[in-house]
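# Structural overview
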Amino acid sequence: MEQLSFDFSKRLELGDEVKVVSMKKGLKADIETEIYLSEYGGKKGKLVEIHRNSNPICFEVEFGGKLRNGIFYEHEIEKI
C-alpha cells in the first residue's frame, strides 16, 4: 500500500510572506490575467485574507507602498 505525504511547509496561512509568480507551465490565462500578473509578478507581500467563499479559493496579498491589495489564486503565489 502506498503512503500519502503532505508538504505542509508550502501551506499558505495568514501572515505568510508570499511572492507573486507568473503562470506555471501548462496553465493558460486570458489576457486580463496575464496583464494583472505582469503588474504584480515578482513582488513580495503579506497574506492578509483567505477568501474561502470563492471557488476556487482566493488569497488577498498586501503590498508595501500600494494603496490596493492584490487577489490571487493559489497557483499564482508562493510562500517565501
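Below, the structure is looked at part by part.

Conventions we followed
- Residues numbered from 1 in each chain as written.
- Predicted model: local features only at pLDDT ≥ 70, side-chain atom pairs only at ≥ 80, totals over all residues.
- Heavy atoms only, no water.
- Helix = DSSP H or I, 4+ residues; strand = E, 2+ residues; numbered from the N terminus.
- Buried < 20%, exposed > 50% of the residue type's maximum accessible area, 1.4 Å probe, protein only.
- Contact = heavy atoms within 4.5 Å.
- Areas by Shrake-Rupley, 256 points an atom, 1.4 Å probe, with all protein chains shown as cover.
- Core = buried A, V, L, I, M, F, W, Y, C linked by side-chain atoms within 4.5 Å.
- Phe/Tyr/Trp six-rings, centres within 6.5 Å; stacked < 30°, edge-to-face > 60°.

## Side note on the overall build of the protein chain
- Looking only at helices and strands, the protein chain has one helix and five strands in total.
- Reading the secondary structure of the protein chain in the N-to-C direction produces β-α-β-β-β-β.
- Within the protein chain, buried positions represent 24% of all 80 residues.
- The long-range fraction of contacts in the protein chain, counting pairs at least 24 apart against all pairs at least 6 apart in sequence, stands at 52%.
- Accessible area for the protein chain stands at about 6400 Å²; split by element, carbon and sulfur atoms hold 49% of it.

## A short note on unusual backbone geometry
- Here N55 and P56 are connected by a cis peptide whose omega angle stands at 0°.
- Relative to the elements of secondary structure, P56 occurs in the loop between β2 (44–51) and β3 (58–62).

## Focus: the nonpolar core
- If you look at the biggest cluster of nonpolar residues, it comprises twelve residues: L12, V18, V20, L37, Y40, L47, I50, F59, V61, F63, F72 and I77.
- Taken together, the elements giving at least two residues each to this core come down to β1 (17–20), α1 (31–40), β2 and β3.

## A few points about the packing of aromatic side chains
- In total, this model carries five aromatic pairs according to the counting rule given.
- Ring geometry for F63 and F72: centres 6.2 Å apart, planes at 85°, overall edge-to-face.
- Members of the aromatic cluster, joined through ring pairs, are Y36, Y40, F63 and F72.

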